[in-house]
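Structure assessment
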Amino acid sequence: MHPAIVSAQPSQSAEKDPDAPLFEGVYLERFEKILSRYPNRRAALLPVLNMAQALRGWLSPQTMTRVAELLDLTPAYVRSVASFYTMYQLRPVGKYLIQVCIGIGCDLCGAEDVVERLLELTQTRLGETSADGKYTVAEVECLGACGFPTVIQVNDRVYENVKAADVTGLLKELN
Amino acid sequence: MAYPHEHPHETRLLSKHFGDEDAVRIDAWIERGGYAALKKGLEMTPDEVTQVVKDAGLRGRGGAGFPAGLKWSFMPKDDRPRYLACNADESEPGTFKDRELMRWTPHQVIEGIILASYAIQAQHAYIYIRGEFVDVVRVLNQAVVDAYERGYLGKNILGSGFDLELTVHLGAGAYIAGEETGLLNSLEGRRAEPRVKPPFPAQRGAFDMPTTVNNVETLAAVPHIVEHGADWYRQWGTEKRPGTKLFSCCGHLQRPGNYELPLDFNLKDLVLDICGGPPEGRALLAVIPGGSSVPIMTPAEIDCDVSYEGVEAAGSLLGSGGLIAMDDSTCMVRAVRRMVEFYAHESCGQCTNCREGTSWLANILRRIERGDGREEDLPLLLDIGANMAGRTICPLSDSAAVPVVSSIQKFEGEYMAHIKDGRCSAVR
Ligand SMILES: Cc1cc2nc3c(=O)[nH]c(=O)nc-3n(C[C@H](O)[C@H](O)[C@H](O)COP(=O)(O)O)c2cc1C
Ligand code: SF4
Ligand code: FES
């Protein structure tokens, strides 16, 4: 992978593994490449947390402590940064993290109905994971695609123009 | 697939290739004239590149409208490392233009970044892109790798002796990381808390070194200006605001999407003609012309040109160019509540007036919307709003009060219907 693009996405994948080896082999290589792009180690914090989350699905205290060690930071510092950013999950989430935009653009065009339908079909409450561990439905602020409401992000995929009537199909497609 | 909607009244410079799936590939981009401006620019001196951008009158497209060439000329010319940060954090509700620029024309953005970096003699450029832009990042990453492979990035670019590294840096969800000093803190691995200015980024920016922060759309305009010259660029727009601008249009419209217009275009024509106005059978209730941080306009106010001055004279601001239209099915109190909740959620919490003010506004609006409002609530909202303006580290606090204050001024009836009669005046 070219070092210019090693910064991983903090988004989820369905195949997350909370115990994935993170600082070994190819990931260690990637870590070194990340470091090579910044004048100091602290600047690698977001890219490294992103990589950790993409792989493990959430940032456990152990993960954050390990990241802190590798970057010569304190665990408390890493936690304080991680808690600032909404994409970092500080608790485990379901296989599919379904984030529905409720920003003004989507709200005007029926985002509320989409959320309601999702909660009904996944039998969950907002932010909680379904009993089978499959779904976590969350509301998020503007996803930057306001002309195509309602915008939904499921793990690392974005769906546009989702209406309440499309929700059944969307969940089918995931499975 | 063609880009959802195009309109014959548009002037497509930056968005010419939206919808053209091939244009993301470097060969196809070069066939379409891509990277010609880079060759030309690298034969000029850095100061000449800055000068042509100054002469063209290009203003920043990220919201504040600061002249781009002038900003570049503030970069000290000493031997410290210098950085360029491309602001691709786009998260102002209603704005979705940078995403489309990167999604459809990543090389246009990269070429602009290289030219700007050359002008300020930066050694490293970072694209700070919001972490939520998953599909866009895939396209952008490929384009960056291809640009390296062709020698447009890296050492001795096109034999000019100019070296530049470019790194795509992903955020992790924070609107305030779009504020330029919040961005710099975030890039450095900190909480994205805005810094007190001065010092400005040109003096002490990323890693304490001189840094220029420019919006994606600003940078995307640079290759066009370098290639064709300042006079050519000035054929569009107004004397003070030359050129074209992308307008992201959303909400209750028949044809939402991004449209590129010269800055002397009429706002009403944009809403009613280009976007087709509200859906069949609906009447227009309000327009927000520049993202959720600018004053709400009534339909009677929108007969003005879309230049920054034109919109300002009509009582609002152009901001980032994110237009939100609302028809008569809208509950104004709810819409404002939703916008204010956004700011309450995104306030970084450093300033008391912002942290407390945003959550107070949201609480009171929720109360009014539920039908539990009191008549004193309107003066109370205005009072809180007044205390939030001009007293904080960054303008997020001011922004949060704007929808509240402007909607009370212009749509008081809707608030009073909730407060007095416990009902909403929206037409369902
Ligand atoms: C709260 C807040 C959020 C902002 N968000 C963005 C953003 O997402 N993208 C952007 O380009 N500028 C944003 N800005 C403006 C930047 O601070 C900065 O002015 C801009 O990136 C400069 O680029 P320009 O001169 O090319 O417009 C924001 C400003 C504030 C106060
Ligand atoms: S105004 Fe609000 S967002 Fe800006 S620095 Fe202060 S608390 Fe943070
Ligand atoms: S409001 Fe939903 S994407 Fe912007």
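The sections below set out a description of the structure shown in this document. (Residues numbered from 1 in each chain as written. Chains lettered and ligands numbered in written order. Predicted model: local features only at pLDDT ≥ 70, side-chain atom pairs only at ≥ 80, totals over all residues. Heavy atoms only, no water.)

1. Considering the site of ligand 1
Residues and elements named next belong to chain B. The following threshold applies: What makes a residue near a molecule or strand is one non-hydrogen atom of that residue sitting within 4 Å of it. Pairs of N or O atoms are called polar contacts if they sit within 3.5 Å, as long as, within protein, a hydrogen donor faces a hydrogen acceptor (for residues adjacent in sequence, only side-chain-to-side-chain pairs). Working definition of accessibility: Shrake-Rupley area with a 1.4 Å probe, residue cover restricted to the visible protein chains. A run of H or I in DSSP counts as a helix once it spans at least four residues, and a run of E counts as a strand once it spans at least two, with each numbered from the N terminus. Residues are sorted three ways: Asp, Glu, Lys and Arg are charged, Ala, Val, Leu, Ile, Met, Phe, Trp, Tyr, Cys and Pro are nonpolar, and all the rest, Gly among them, are polar.
Close contacts around ligand 1 come from 18 residues, with G62, K71, N214, N215 and T218 the closest. The backbone of R61 places a nitrogen or oxygen atom 3.2 Å from an oxygen atom of ligand 1. At 2.9 Å from an oxygen atom of ligand 1 is found a side-chain nitrogen or oxygen belonging to N87. Summarising the interface, the protein chains cover 89% of the accessible area of ligand 1, which totals 610 Å² for the free molecule. The biggest single contributor to the shell around ligand 1 is strand β4 (residues 211-215), with three residues. Split by residue class, the shell around ligand 1 holds four nonpolar, eight polar and six charged.

2. Things to note about the packing of helix α2 (residues 45-56) of chain A against helix α4 (residues 75-82) of chain A
Residue and element names in this part refer to chain A. Inclusion rule: Every axis corresponds to a line fitted to the C-alpha atoms, with the helix fit spanning only the stretch in contact, and the corresponding angles, defined between N-to-C directions, vary from 0 to 180 degrees. Comment on the angle field: the value is read as roughly parallel under 35 degrees, roughly antiparallel over 145, roughly perpendicular from 65 to 115, and oblique elsewhere. The contact rule is simple, with two residues in contact once any of their heavy atoms fall within 4.5 Å.
Between α2 and α4, the least distance of the axes is 11 Å, while the angle of their chain directions is 80°. By the angle class used here, α2 and α4 are roughly perpendicular. Facing L45, L46 and L49 of α2, the residues of α4 in contact are Y77, V78, V81 and A82. Taken together, the residues of the contact of α2 with α4 break down into seven nonpolar, no polar and no charged.

3. Examining the pattern of salt bridges
Heads up, the condition is: Salt bridge, as used here, is a side-chain nitrogen of Lys or Arg placed within 4 Å of a carboxyl oxygen of Asp or Glu. Buried, partly exposed and exposed residues are distinguished by accessible area as a fraction of the type maximum, computed with a 1.4 Å probe on protein chains only: under 20%, between the cut-offs, and over 50%, respectively.
For the structure on display, the rule yields 42 salt bridges over all chains. Among the salt bridges present, the one from K77 of chain B reaches D47 of chain B, with a minimum N-O distance of 3.1 Å. Remark: D47 of chain B occurs in helix α3 (residues 46-56) and K77 of chain B occurs in the loop between α4 (68-73) and β1 (83-88); sequence separation between them is 30 residues. Its relative accessible area of 70% is what places K77 of chain B among the exposed residues. Here E341 of chain B and R337 of chain B are joined by a salt bridge, their closest N and O atoms 3.1 Å apart. Taken together, the residues span about one helical turn, with E341 of chain B and R337 of chain B both in helix α13 (residues 332-346) at a distance of four residues. By relative accessible area, R337 of chain B is classed as buried at 12%. In this structure, a network of salt bridges that share partners links the residues E141 of chain A together with R337, R338, E341, R366 and E369 of chain B.

4. Focus on the interface of chain A and chain B
Convention followed: Each of two parts loses accessible area, computed with a 1.4 Å probe, when they are put together; buried area is these two losses added.
Opposite the 48 residues of chain A that make contact, chain B presents 65 residues. Across the interface of chain A and chain B, roughly 4,400 Å² is buried in total on both sides, 58% from carbon and sulfur atoms. Taken together, chain A and chain B are joined by six salt bridges. Between D156 of chain A and R138 of chain B there is a salt bridge; the shortest N-O distance is 3.8 Å. Counting every contact that joins chain A to chain B gives 25 residue pairs in polar contact (both at pLDDT 80 or more). Where the side of chain A that touches chain B is concerned, the elements lending two or more residues are α2, α4, α5 (104-108) and β4 (157-159) of chain A. Within the side of chain A that touches chain B, the residues separate by chemical class into 26 nonpolar, 14 polar and eight charged.

5. Observations concerning the sheet that holds strand β8 (residues 322-327) of chain B
All names here are of chain B. Using the following cut-off: Pairing between strands requires that DSSP locate at least two bridges from one strand to the other.
Strand order in this open sheet of four strands is β6-β5-β8-β7, and the pairing throughout is mixed. Of all strands in the sheet, those bounded by a partner on one side alone are β6 (257-262) and β7 (284-288). The mean inter-strand angle of the sheet, taken between neighbouring strand axes irrespective of direction, is 25°. Judged from the six bridges that link them, strand β5 (residues 244-251) and β6 form a sheet pairing that is antiparallel. Paired with F247 across the bridge in β6 is Y259.

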